[in-house]
Amino acid sequence: MDCEEVMLTVRITAAERALLRELARGHGGDVSDVAVDGLLEVIPALHDDACVLPLLRVLSRPAPFALTLWLPAPVADLLPLLGERLVRTGGPAAGPASAALSAALRLWLAGDRIALAAGLARLHGGCGAGAVAAVRPAIGAAAVRPAVGAAAFGAERVKVAA
C-alpha cells in the first residue's frame, strides 16, 4: 500500500521554529507545506558530497525542539539518499532521513528572512504576499519587489487530500 504522506520529526531551534511559523502564517498556516517548499529549494543544491558540508555544520549545532512534519511521499523518498550522503561524509548514522530533513530545513531557514518569504511568494504565484508582510516588520526591511510566480513557467501547486 502506497502512502501519500510521510510523518517525520525534525530537530530545530526556537528561532528556526518561530521563523517557520511566521512564514507559514503567510501561506495558509501549514508549517509542513512551507517546510516542503524549503526542501524543494535546498535539496537540488546538494548534488555532491562537497555540497553536504554545510549540512554537517548545521547538524553540529544544538537543536532542542522537535517538530513533526508531514511530507509528500516523493519528497520523503529523497531524504534517505541525502541521509546516506550525510553518513558517508561523517554525519550521524542513526535516523539518516530525519537527520537529513533537519539539516536541510535548518540550512534553508538560515537564509535571509525576506528572501525566504519572497521565494515562497514566487513559488505560490504571488499568493504569499502575506508572508513577506509578516516577516518584514520583524527585521525592518525595505519593500520586496513582487515576483512573477511559478505559474508563469507553467508550474502549478497541487495539494493531494489524504
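Structure: above.
A brief report on the enclosed structure follows. Only a predicted model underlies this, so the values are computations on that prediction, with no experimental measurement involved.

### Quick look at the overall build of the protein
Scanning the protein from N- to C-terminus turns up seven helices and two strands. Sequence-ordered secondary structure for the protein, helices as α and strands as β, is β-α-α-α-β-α-α-α-α. Intrachain contacts of the protein at a sequence separation of at least 6 include 80% that bridge at least 24 residues. A total of about 8600 Å² of accessible surface is found on the protein, and carbon and sulfur atoms cover 60% of it.

### Structural notes on helix 1 (residues 14-25)
Here helix 1 contains 12 residues, and its C-alpha end-to-end distance of 17 Å stays within 8% of the 16 Å for a straight helix at 1.5 Å per residue. For helix 1, the complete set of buried residues consists of Glu16, Leu19, Leu20, Glu22, Leu23 and Ala24.

### Re the side chain of Arg106
If you trace the backbone, Arg106 turns up in helix 5 (residues 96-109). Of note is the side chain of Arg106, whose polar atom sits 2.9 Å from the side chain of Glu16. Among all residues touching Arg106, those that are not within four sequence positions of it are Arg11, Ile12, Thr13, Glu16, Val58, Arg61, Pro62 and Ala63.

Reading guide: rules and limits
Residues numbered from 1 in each chain as written. Predicted model: local features only at pLDDT ≥ 70, side-chain atom pairs only at ≥ 80, totals over all residues. Heavy atoms only, no water. Helix = DSSP H or I, 4+ residues; strand = E, 2+ residues; numbered from the N terminus. Contact = heavy atoms within 4.5 Å. Areas by Shrake-Rupley, 256 points an atom, 1.4 Å probe, with all protein chains shown as cover. Expected span 1.5 Å × (residues − 1). Buried < 20%, exposed > 50% of the residue type's maximum accessible area, 1.4 Å probe, protein only. Polar contact = N/O pair within 3.5 Å; in protein donor to acceptor, adjacent residues only side chain to side chain.

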